[in-house]
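Examination of the molecular architecture
Each chain is listed here by its residues.
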Amino acid sequence: MRETGGGGGTAGNGALVSRAAPDADRAAHIEVRNLTMAYGDFVVMRDLNFKVRHREIFVIMGASGSGKSTLLRYLLGLLEPTIGEIFYDGVNFTQAAPEEREAMLRRFGVLYQSGALWSSMTLAENIGLPLGQFTNLSAAEISEVAALKLALVGLKGFEDYYPSQISGGMQKRAGLARAIALDPAILFFDEPSAGLDPVSSRLLDELILALRDSLGATVVVVSHELPSIFAIADNSVYLDAVTHTIIANGNPHELLAHSTEPRVREFLTRGRPGENSEKANG
Amino acid sequence: MSAGGHANANQQPQLATVRGTRQVDLVRGDGGSVVVRISGDWHLQHGMPTPSSVGAALTSGPLPQHVSVDTRDLKGWDSSLISFLVGLDDICRARKIPFERGSLPAGLTRLIELAETVPENKDAQLKVDQDPFVARLGAAYMRQVDDAVKFVEFIGMVALAFANFVRGRSRYRRSDLLEIIQECGSNALGIVSLISYMVGVILAFMGAVQLEEFGAAIYVASLVGIGMVREMGAMMTAIIMAGRTGAAFAAELGTMKVTQEIDALTTMGISPMEFLVLPRMIALILMMPLLCLYSDFVGILGGATVGVVVLGLSFRTYWHETIHAITMVALAGGLIKSAVYGVLIALAGCYQGFECGNSSLAVGRATTAAVVSSIVMIVVACGLFAVLFNILGI
């Protein structure tokens, strides 16, 4: 059983690698330098260093409570680093002036864990809000674009529904439609498959891949769902809750094949590794 | 209570604990070995023996050299038995007595192993506050200082948002503003009418008792008029709006914080200050003076009702006396006060909403804090206004 799973995954991975290969030395789209994440005196993670290349699907992995979503909040500027800096396209995001930072934020699209749709607005208004604020489109054009974005995520005809009137999976897709409203350069996903059934979760993965290919966006995903990680990730980091730092960086398939870190292997094999990780953990 | 069949349950026999059909017997063998014989039906509904009572019985005599468990007569079990056995094991381990579980039902063994093999998570043990009193006092004081600083920061951010608004650069939806204006304006008329009318009536009765004694009942009109216009109109609308709208602001924004809707605004490059706080603040600043004016009027009407019906004054004279008593300055003073109260209510409500934690409990707490702090601020502001107006001679 494990053989077939691994084989299929590797084949998919091969395709991804070949697609990404020609411009492997592209400049980093996102660069994190020496980031330390802390709540007061309590250090969650320290010395985080990694780069995300353009058009890459980058997964932040880690056990529950290791600080994955917290790292995302730092990347989005919702939390300010105690130590360290974050660069987007070589521009220092951490030290950017408020207006500059706002301009950078406008190039982001974020799908929050629960969708975080504005509950007082209909789906069309949710998607139309950023369009109305940051473009010169007329009201009619905005509703047209909003309908298009909803159709892209399979929610055609739900324009006038309020978030509370649709299911959790649909809220997530609507959140994705809002995230891509302004055709962002970077898409962030916080646990996209959380709370979704396996089929919806796979459909969302495919949607992420399709969006990366069509929009040409860089995608950063926080996830601990193995099937999803293996299906979409080009590159990844593993946040280790024991040593409080990154202990693995690379393609998850390669990490599965070559990583010597017992906790990474344990994570990638659902805690059933062939070798000594049990002992290492005890 | 009604003891009945459970009466014998709390007895502490030397070597046995009995409750219902469940039974624990300690059988002392030779060489200091003790067999804990467990029998009967073990169910949580029937309560469970504390391991320590059995532990006490175990160690009451000479310390046993070896403890084992015998479950041959066990009929049924659930987690009460697991808890009991794990507790007993802990007691024996603490006293370094070898403890042998013996042959238990298979499921029972597995569950006990599960309970015992998982190492206690060090991080999971929340640090209990054992700091000395002075340290805790200091920490509480520092928290207060932090809160105060945060509140001042919040006021600063609101001021910046206002500056953007004045320059016509703020991002908010006009439809939101209109909706909030309706919500805290016309939708509040009913309750403002009722309360103001009653306050007018109360003021009139209060004055009438004293003024009638020396035949000056007509001055009830002045009393109610001045009282409503200068103080009570603004005060009562403010308190109503604090409970009604301030609480709603805190709950709305708090929930938006919990569901990450505020984060979604921020990461979209839309300032929550401008998008959420500004329309609420503007709506209250616009509506509070209007509501206050309305409240003044209804309160005077309440007073007039008492004047006409109870004191037998004519409505005409009452009205004239009221108009005569109220000055434009007093009226304006009341309206200015109400606008300031509006700012305070919006500040408290929005601030508590933004500072809300990440749970439904926190939303409730934020709502309470919003109402309490806005009412406190209103009363303090009212006192400051009284002093100020006194100095200005208004």
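Turning our attention to the overall build of chain A. Secondary structure summary: chain A contains 11 helices and 10 strands in total. Relative to its full complement of 282 residues, chain A shows a buried share of 40%. Partitioning the intrachain contacts of chain A with sequence separation of at least 6 by distance along the chain shows that 64% fall at a separation of at least 24.

Before going further, it helps to examine the overall build of chain B. The helix and strand inventory of chain B stands at 12 helices and six strands. In terms of overall dimensions, chain B is more spread out than a globule: its C-alpha atoms have a radius of gyration of 35 Å, far above the 21 Å expected for 394 residues. Summarising its shape, the C-alpha atoms of chain B cover approximately 105 × 60 × 40 Å along the three principal directions. For chain B, with 394 residues in total, the buried portion stands at 36%. Sequence-distant contacts, at least 24 apart, represent 83% of the contacts inside chain B between residues at least 6 apart.

A pair of packed helices is captured by two measures, namely the crossing angle of their axes and the spacing between those axes. Residues and elements named next belong to chain B. Where helix α5 (residues 174–184) contacts helix α9 (residues 272–309), the axes come no closer than 9 Å and their chain directions differ by 45 degrees. Of the possible angle classes, the one that applies to α5 and α9 is oblique. As α5 runs across α9, the sense of the crossing is right-handed. Residue-level inspection shows D176, L177, I180, I181 and C184 of α5 in contact with α9, the latter providing P279, R280, I282, A283, L284, L286 and M287. Of the residues assigned to the contact of α5 with α9, the class counts are 10 nonpolar, no polar and two charged.

Residue and element names in this part refer to chain A. Structurally, chain A comprises domain 1 (2–107 + 184–281) and domain 2 (119–172). Opposite the five residues of domain 1 that make contact, domain 2 presents five residues. For the side of domain 1 that touches domain 2, a count of residues per class yields two nonpolar, two polar and one charged.

Residue and element names in this part refer to chain A. Spatial strand order, β6-β7-β8-β3-β9-β10: six strands in an open sheet with mixed pairing. Of all the strands in the sheet, just β6 (108–111) and β10 (245–249) have a single pairing partner and so form its edges. Neighbour to neighbour, the strand axes of the sheet diverge by 20 degrees on average, direction disregarded. As defined by bridge partners, strand β3 (residues 57–62) adjoins strand β8 (residues 218–222) across four bridges and the pair is classed as parallel. Considered in β8, the bridge of I60 is made with V222. Most of the contacts of helix α6 (residues 168–179) go to β6, to which it runs at about 175 degrees, and overall it touches β6 and β7 (186–190).

Split into domains, chain B comes out as domain 1 (8–117) and domain 2 (146–392). Spacing between the C-alpha centres of domain 1 of chain B and domain 2 of chain B amounts to 66 Å.

With that settled, the discussion passes to the nonpolar core. Counting residues in each nonpolar core, the largest one holds 143 residues, and the members touching the most others are I60, L150, F188, V219 and V220 of chain A together with I345 of chain B. Ranked by residues supplied to this core, first place goes to helix α7 (residues 219–258) of chain B with 18 residues. Filtering out sequence-adjacent residues up to four positions away, I345 of chain B remains in contact with A238, M241, A242, T245, G246, L284 and S374 of chain B. In this structure, L58, L74, L81 and C92 of chain B belong to the second largest nonpolar core, which totals 19 residues.

In this section: the interface of chain B and chain A. Opposite the 11 residues of chain B that make contact, chain A presents 14 residues. Grouping the constituent residues of the side of chain B that touches chain A by class yields three nonpolar, five polar and three charged.

Glancing now at the packing of helix α2 (residues 79–94) of chain B against helix α3 (residues 106–117) of chain B. Residues and elements named next belong to chain B. Two numbers describe how α2 lies on α3: the axes approach to 10 Å, and their chain directions differ by 55 degrees. Comparing the axis directions of α2 and α3 gives the class oblique. You can see that α2 and α3 cross each other, and the crossing is right-handed. Together, L81, I82, L85 and V86 of α2 and L108, L111, I112, A115 and E116 of α3 make up the contact between the two elements.

Residues and elements named next belong to chain A. Even without being glycine, N34 reaches a positive phi, approximately 50 degrees. Relative to the helices and strands, N34 is located in strand β1 (residues 28–39). Residue classification places N34 among the exposed positions, given that 12 C-beta atoms sit within 10 Å. The residue D47 is not glycine, and still its phi comes out positive at about 55 degrees. Considering the arrangement of structural elements, one finds D47 in strand β2 (residues 42–53).

With that out of the way, let us pick up the confidence of the model for chain B. For chain B, per-residue confidence averages 86 on the pLDDT scale, and residues scoring 70 or more make up 92% of the total. Here residues 1–16 of chain B scores under 50 on pLDDT; set against residues more than four positions off or in separate chains, the count is 11 contacts.

Moving on: the environment of R212 of chain A. Residue and element names in this part refer to chain A. Looking at the element boundaries, R212 is found in helix α7 (residues 198–215). Measuring from C-alpha to C-alpha, the distance between R212 and K51 comes to 18 Å, with 161 residues separating the pair along the chain. Not counting the four nearest positions on each side in its chain, R212 is found in contact with R55, I57, A217 and V219.

Attention now moves to the pairing of β2 of chain A. All names here are of chain A. Strand direction decides the pairing type here: β1 and β2, joined by eight bridges, are antiparallel. Residue L35 lies in a different strand from β2, and its bridge partner there is L48. Taken together, β1 and the strand that follows it, β2, pair antiparallel across an intervening segment of two residues, in which G40 is found at a positive phi of about 60 degrees.

Turning our attention to the sheet that holds strand β4 (residues 83–88) of chain A. By way of backbone hydrogen bonds, the strands of a sheet pair with one another, either parallel or antiparallel. All names here are of chain A. One open sheet accounts for four strands, arranged β2-β1-β4-β5; its pairing is antiparallel. At either end of the open sheet lies a strand with only one pairing partner, and these are β2 and β5 (91–92). Sheet topology places β1 next to β4; five bridges connect them, and they run antiparallel. From the neighbouring strand, R33 faces β4, where its bridge partner is E85. Docked against the sheet, helix α2 (residues 68–75) engages β1, β2 and β4, running at close to 120 degrees with respect to β1.

On to the confidence of the model for chain A, then. Across chain A, the average pLDDT comes to 83, with 87% of residues at or above 70. Note that residues 275–282 of chain A has pLDDT below 50 and, in this model, seven contacts with residues that lie over four places away or in other chains.

This next bit is on the environment of E141 of chain A. Within the secondary structure, E141 of chain A sits in helix α5 (residues 139–152). Residues E141 of chain A and L131 of chain A, spaced 10 residues apart in sequence, show a C-alpha to C-alpha distance of 9.6 Å.

What follows is about the pairing of strand β4 (residues 66–70) of chain B. Residues and elements named next belong to chain B. The side-chain alternation of β4 yields one buried face, formed by V67 and V69, and one unburied face, formed by H66, S68 and D70. Relative to β4, strand β3 (residues 33–41) is paired through five bridges, and the arrangement is parallel. Bridging from a neighbouring strand, V36 pairs with V69 of β4. The parallel pair β3 and β4, bridged by helix α1 (residues 51–60), forms a crossover whose chirality is right-handed. As paired elements, β4 and strand β6 (residues 99–100) share two bridges and run parallel to each other. Residue pairing in the sheet places S68 in a bridge with E100 of β6.

What counts, and where the lines are drawn
Residues numbered from 1 in each chain as written. Chains lettered and ligands numbered in written order. Predicted model: local features only at pLDDT ≥ 70, side-chain atom pairs only at ≥ 80, totals over all residues. Helix = DSSP H or I, 4+ residues; strand = E, 2+ residues; numbered from the N terminus. Buried ≥ 20, exposed ≤ 12 C-beta atoms within 10 Å, placed from the backbone. Contact = placed C-beta atoms within 7 Å. Rg over C-alpha atoms; globule rule 2.2 N^0.38 Å. Axes fitted to C-alpha atoms, helices over the stretch in contact; angles between N-to-C directions. Parallel < 35°, antiparallel > 145°, perpendicular 65-115°, else oblique. Left-handed = near helix turned anticlockwise from the far one by under 90°. Nonpolar A, V, L, I, M, F, W, Y, C, P; charged D, E, K, R; others polar. Domains from an automatic or database assignment. Pairing = 2+ DSSP bridges. Core = buried A, V, L, I, M, F, W, Y, C linked by C-beta atoms within 7 Å. pLDDT = per-residue confidence, 0-100. Right-handed = clockwise from strand over helix to strand, strands pointing away.

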